[in-house]
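Observations on the model geometry
Residues per chain, in single letters:
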Amino acid sequence: MKLKIDMHTHTIASGHAFSTIEEVAAQAAKKGLRMIATTDHGPAMEGAPIAMFFAALLMLPREIDGVRLLRGVEANIIDFDGNVDLPSNILKRLDFVMAGFHEVVLPPSDDVAGNTGAMIKALSNPYVDAISHPGNIHYPVDIPAIAKAAKERGKLLEINNNSAVVRPGSEENCRRIASACRDLNIPVVCGSDAHVSFNVGIFSNAIRILKSVNFPDDLVLNTSVRKMTRFLDGIRKREP
Ligand SMILES: [Zn+2]
Ligand SMILES: [Zn+2]
């Protein structure tokens, strides 16, 4: 399975990452990727950009070094009501909006019902396209319920390449998420979650997880630019 798109990349703007957008794009081009989404952390995380940064993403070119560039964010889920840390008027102008739990923003809870409710409410935000690293072991959720909610809303769950490494113990959850999506016949999105350019396009863990549950290549949106853009267009009308 060849993944041509990396939908989860950070730049130096995140405050704890190391590469510029030019460096990220250059590595993506070098590795033969066709498209990347730049998804810095939302403003609620210490050191992350201010809200205006995400409005200013429209100044970025649509393509760098032959790699199509999606303007995105990894927003923070800031409470158990599923609110995120950017207003709709900014989110609606972005090409790809992920939302996720981060320990430094929302202290982890082992309340499965509470975590599940928050994730489903975030998925219900009309401008949230995907949940980042839903397998994070620190926020246990009802995986079948999350997958069903994603299906009903036509949204995506991410298979995050980093979870197996930086969130130890999460791999089994990632496998269960992949299985649940496979059973419901819904696509997934893969992200390297690169915090340095060299890690852009590295999907070895994500691919191992998908293969371990016989996940169909067809349902991995990262295999085709056309498939990915068509799916995103189906979620909502993107503003120019
Ligand atoms: Zn994250
Ligand atoms: Zn990230």
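To be clear, the structure that these remarks concern was listed above.
Residues numbered from 1 in each chain as written. Chains lettered and ligands numbered in written order. Predicted model: local features only at pLDDT ≥ 70, side-chain atom pairs only at ≥ 80, totals over all residues. Heavy atoms only, no water.

**Observations regarding the coordination of the zinc ion (ligand 2)**
Each protein donor to the zinc ion (ligand 2) is listed here as His8 (NE2), His10 (NE2), Glu74 (OE) and Asp193 (OD); together their distances run 2.0 to 2.3 Å. For the zinc ion (ligand 2), the 4 donor atoms are set out with angles of 80 to 169° between them, so the coordination reads as irregular. For the zinc ion (ligand 2), the donor residues sit on a single chain with the sequence spacing H-x1-H-x63-E-x118-D. The distance between the zinc ion (ligand 2) and the zinc ion (ligand 1) comes to 3.3 Å, with Glu74 serving as a donor to both metals. One end of the pair, His10, is in the loop between strand E1 (5–9) and helix H1 (21–30); the other, Glu74, is in strand E4 (residues 67–76), with 64 residues separating them in the sequence. Judged by relative accessible area, Glu74 falls into the buried class, the value being 0%. (Donors = N, O, S within 2.8 Å, 3.2 Å for Na, K, Ca; no water. Tetrahedral: all angles 85-135°; square planar, octahedral: opposite > 155°, others 65-115°. Helix = DSSP H or I, 4+ residues; strand = E, 2+ residues; numbered from the N terminus. Buried < 20%, exposed > 50% of the residue type's maximum accessible area, 1.4 Å probe, protein only.)

**Quick notes on the side chain of Asp6**
Tracing the backbone shows Asp6 in strand E1. Buried within the structure, Asp6 lacks any salt-bridge partner; Lys31 is the closest side chain of opposite charge, at an N-O distance of 7.6 Å. A polar side-chain atom of Asp6 sits 3.2 Å from the main-chain amide nitrogen of His8. Within the local environment of Asp6, its side chain forms a polar contact with the backbone nitrogen of Gly201, the two atoms lying 2.8 Å apart. (Lys, Arg positive; Asp, Glu negative; His and termini not counted. Salt bridge = Lys/Arg side-chain N within 4 Å of Asp/Glu carboxyl O. Polar contact = N/O pair within 3.5 Å; in protein donor to acceptor, adjacent residues only side chain to side chain.)

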